[in-house]
Amino acid sequence: MNISYNWLKHYVDTDLSAEEMAKVLTDIGLEVEEFKKIETVKGGLKDVVVGEVKTCINHPDSDHLHITTVDVGAEELLPIVCGAPNCRQGLKVLCATVGAVLYPNGGDEEFKIKRSKIRGVESLGMLCAEDELGIGESHDGIMELPADAQVGMTAKEYLHIEDDYLIGIGLTPNRSDAASHLGVARDLVAWLKSQGKNAELKVPDVSSFKVDNHDHEVKVTIENQEAAPRYAGVTVTGCKIAPSPEWMQNELRAIGINPKNNLVDITNYVLFEMGQPLHAFDLKKVDGNEIVVRTCKEGTPFVTLDGVEHKLSENDLMICSKEKPMCIAGVLGGLESGISDTTTDVFLESAYFHPVWVRKTAKRHGLNTDASFRFERGIDPRMQVIALKRAALLMQELAGGKISSEITDINPTPAQDFVFEVSFEHINTLIGKVIPEDQIRRIIAALEVKILKEENGVMTVSVPPYRVDVQRDADLIEDILRIYGYNNIEIPSRMRSTISHVQRPDKNKLMNLAADYLTANGYTEIMSNSLTKGAYYENLTSYKAENCVRLMNPLSADLNVMRQTLLFNTLEVVALNANRKNGNLKIYEFGNCYFFDENKHHEEDHLKAYSQEYRLAIAVTGNAAPASWNAPATPASFFTLRAIVEKLLRRFGIDIYSLQTETLESDLFADALTMKLNGKELLQIGVVNPKIRRMVDVKQDVFFMEMNFEALVKSTKKHKVVAEELSKFPEVRRDLALLVDKNVTFSALREVAFATEKKLLKQVSLFDVYEGDKLPEGKKSYALNFVLEDKTKTLNDKAIEHVMQNLAKQLERKCGAEIRK
């Protein structure tokens, strides 16, 4: 939800800066996810000032250039060469001085004003036309200002150009009341009042609304009262299509809405101002001057505004004329009945549609609009007539229209307040702090909640119906805490707890152990949504789409299934960070993955077909280590990831050489390994397939590991920590260089070595691998280090030589190894 700082200030008087306001909104539960400055004129016209041409003579070497001196309020006049035909002495102009950066026609290409010579004459600026400043399209000559324009005044001040700020709020599904500037202002006013400041919500005044004539009354019939509990409408005639005024265009552009024309912009403006979706029908296309709110026959074709034909369901609520459907109620209008360049007469609709009906219809047709977003979550059931009057008055003012009917308002069952009881004791218990009762009452009043009765510390309250998420005492307590401030709740200095028995192994303890280890090694924990996009799993063989657990009523197509793997969540985090110039990542996540297996479906127990698995994912990308004064940056690689994974397994007491490591063929990875523990897969590790990366728009290599954490926890059940005395006798180290086939692995050599010498061999490690044209085809060279130790005596050369010869002999016999001299 995008909010304009300047627009928001129409409804609340405050001296808070945009940055301060963004912080306050986050503190009161409207988390600000985006904050950026918006320049009404690109570049802000910095270093452009009002000037006066003091002298103007023709250039001796040109038939169209003029040599001028310009007073810009500085100590000295500026010499400027100008080619505009209307340049003359005494003219007031806008002058771009040296250093100014202009964006002609508002484009992306910048034009910087520099000290220059034009045909031998020094020029220290430019006298500007409208298009050169990016404030108009005229290039007939330099802008001529009135004679009373003040020399030296900045262009920004003279033109009354005011920069704006975009505040992007991550609106949670329960806060539909804040899906408008008025809704956000309401929360802001509540916070200001709680701080003891004198603030009032300034709702747009519609008291001047009056009917001009009754020439175009429209009959409204509601056939489905459940789907449309309230429907209001009014007719405005004699409108003239034209561009919206600059102030409205600027405020719509600030939140990312492209202006179209005055009538369409008015409906959009009221939507984002009040949170009430409106729809404007071309009255000439309303057959018989009659509106019927009903459903249509199954399969009825209907073309929406985007030109797409939809086959209607018998459960789709439609706004129809006497003869045909014109609009999918609460979702999207029709192609034929909407506003066009020839529209003069309009029927304005303002309704409250049932959230479930709108949600199902929008999902059925794959549509997601600003209107459906609000209707699905529940709008203010008392805002319809106010919004209708607001839009009609704007059409009178900006389009010259006349209100040609009474407001039709069909509302057989008006929405009632939510009434319940809440006690001060319960408030303090849930919040964890004793808040003064007067302060609680002040916050409740600021939230526009009425206290109907108060007795023995218990208040009976009445909550307005626009707060669809506040219907019980716990909901109101949450709101009180929001406004009071989460940061004002002190962290207690001590904890009261009881001793509890925990089953061993303790998964939570081991999870914290793993998290602490990874964090200590520079990895950052992420937390992502278990809901994800079903499109990710289409055409996958590793995780088939048919095995996805699907939601019956998803909020959107991007959150319509439960994840089968943590990979896509991880890639989304990588994309988010990489797009913000933070591409060097070492991250991990714990989370459940969910599966559906149709073959396990059972009539008596439907849950048998569903399962879940707790997993750990680790990923590295970009640089594993940053550049420093004495070393270049170290790029992350597969071995960066494998090293931390092996260290983590050792931390849990697992001998990594006991794992069965195999090459993995998977459409998720370009190259990968699978590691099995006791014959069951423990983890997959590899380089993410570029095709998978492109699905999430990740351009850099990502190295990813996903582990069955529950299997890891179970493996620790038999793990025991044993202490033993250090040997008094020294270790002996010997090396062997072996020539082996390329398909021979180090683990195979290690296994043979330990099987050959069980008593004295303590450790085998690989310290060099060579493959090149100096070796026979199909061969590679391994350099192994063997550590020998006898805990009862010091080893002599004869015993050592005997062991090494035996090892060499067995490696040659069982692995085909040749000893390199």
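Everything discussed here concerns the structure shown above.
Computed from a predicted model, the values in this text were never measured in an experiment.

(A) How the structure looks around the overall build of the protein chain. When helices and strands are counted, the protein chain shows 20 helices and 43 strands. Relative to the compact-globule value of 28 Å for 821 residues, the protein chain shows a C-alpha radius of gyration of 37 Å, a clear excess of over 25%. Referenced to the eigenvectors of the C-alpha coordinate spread, the extents of the protein chain come out at roughly 115 × 90 × 60 Å. Taking the intrachain contacts of the protein chain between residues at least 6 apart in sequence as the baseline, contacts between residues at least 24 apart amount to 70%. Looking at charge distribution, the protein chain has the averaged site of its 99 positive side-chain charges lying 9 Å from that of its 119 negative ones.

(B) Geometry of unusual backbone geometry. The backbone of Glu 448 sits at a positive phi, close to 65 degrees, despite the residue not being glycine. Of note in the backbone geometry, Asn 678 takes a positive phi value of approximately 55 degrees without being a glycine. Along the chain, Asn 678 turns up in the loop between β37 (669-677) and β38 (680-688).

(C) How the structure looks around the sheet that holds strand β4 (residues 66-71). Strand order in the open sheet made by the five strands is β5-β4-β3-β6-β11, with antiparallel pairing throughout. Only two strands of the sheet have a single partner each, and these edge strands are β5 (78-82) and β11 (125-127). Neighbour-to-neighbour, the strand axes of the sheet open up by a mean angle of 45 degrees, direction not taken into account.

(D) Spatial organisation of the pairing of strand β6 (residues 92-97). With respect to burial, β6 is a largely interior element, six of its six residues being buried. Of the two faces of β6, the one holding Lys 92, Leu 94 and Ala 96 and the one holding Val 93, Cys 95 and Thr 97 are both buried throughout. Bridge count between strand β3 (residues 48-58) and β6: five bridges; the pairing is antiparallel. Bridge assignment links Val 49 to a residue of β6, and that residue is Cys 95. As paired elements, β6 and β11 share three bridges and run antiparallel to each other. Bridging from a neighbouring strand, Cys 95 pairs with Leu 127 of β11.

(E) Just the pairing of strand β19 (residues 317-320), in detail. Of the two faces of β19, the one lined by Leu 317 and Ile 319 and the one lined by Met 318 and Cys 320 are each fully buried. One ladder, built from four bridges, connects strand β16 (residues 290-295) with β19; its direction is antiparallel. Note that in β19 the partner of Thr 295 across the bridge is Leu 317. Relative to strand β20 (residues 325-328), β19 is paired through three bridges, and the arrangement is antiparallel. When the sheet's bridge partners are listed, Met 318 is paired in β20 with Ile 328. What sits between β19 and β20 in their antiparallel hairpin is a turn of four residues.

(F) Spatial organisation of the state of the cysteines. Tallied over the full model, the rule gives zero disulfides. For Cys 87, which is in no disulfide, the shortest distance to another cysteine sulfur is to Cys 56 and amounts to 3.9 Å. On the accessibility criterion, Cys 87 (6% relative accessible area) is buried. Here Cys 239 is not cross-linked by a disulfide; its sulfur's nearest cysteine counterpart is in Cys 327, at 19 Å.

(G) Representation of the pattern of salt bridges. Overall, the coordinates contain 42 salt bridges when judged by the stated rule. Residue Glu 144 pairs with Arg 88 through a salt bridge whose shortest N-O separation is 3.0 Å. Taken as a pair, Glu 144 in the loop between α3 (130-133) and α4 (155-158) and Arg 88 in the loop between β5 and β6 lie far apart in primary sequence, 56 residues in all. Arg 88 gets classed as partly exposed once you look at its relative accessible area, which sits at 38%. One network of salt bridges, with partners in common, ties together Arg 175, Asp 177, Asp 187, Arg 467, Asp 469, Asp 479 and Arg 482.

(H) The arrangement of the packing of helix α19 (residues 746-756) against helix α20 (residues 797-815) in detail. The N-to-C vectors of α19 and α20 enclose an angle of 130 degrees; their axes lie 9 Å apart at closest approach. When the axes of α19 and α20 are compared, the pair comes out oblique. The two elements α19 and α20 cross, and the hand of that crossing is right-handed. Contact with α19, carried on its side by Ala 748, Leu 749, Val 752, Ala 753 and Thr 756, involves Asn 806, Leu 807, Gln 810, Leu 811, Lys 814 and Cys 815 of α20 and no other residues of that element.

Thresholds, definitions, all that
- Residues numbered from 1 in each chain as written.
- Predicted model: local features only at pLDDT ≥ 70, side-chain atom pairs only at ≥ 80, totals over all residues.
- Heavy atoms only, no water.
- Helix = DSSP H or I, 4+ residues; strand = E, 2+ residues; numbered from the N terminus.
- Rg over C-alpha atoms; globule rule 2.2 N^0.38 Å.
- Contact = heavy atoms within 4.5 Å.
- Lys, Arg positive; Asp, Glu negative; His and termini not counted.
- Charge placed at Lys NZ, Arg CZ, Asp CG, Glu CD.
- Pairing = 2+ DSSP bridges.
- Axes fitted to C-alpha atoms, helices over the stretch in contact; angles between N-to-C directions.
- Buried < 20%, exposed > 50% of the residue type's maximum accessible area, 1.4 Å probe, protein only.
- Disulfide = S-S within 2.5 Å.
- Salt bridge = Lys/Arg side-chain N within 4 Å of Asp/Glu carboxyl O.
- Parallel < 35°, antiparallel > 145°, perpendicular 65-115°, else oblique.
- Left-handed = near helix turned anticlockwise from the far one by under 90°.

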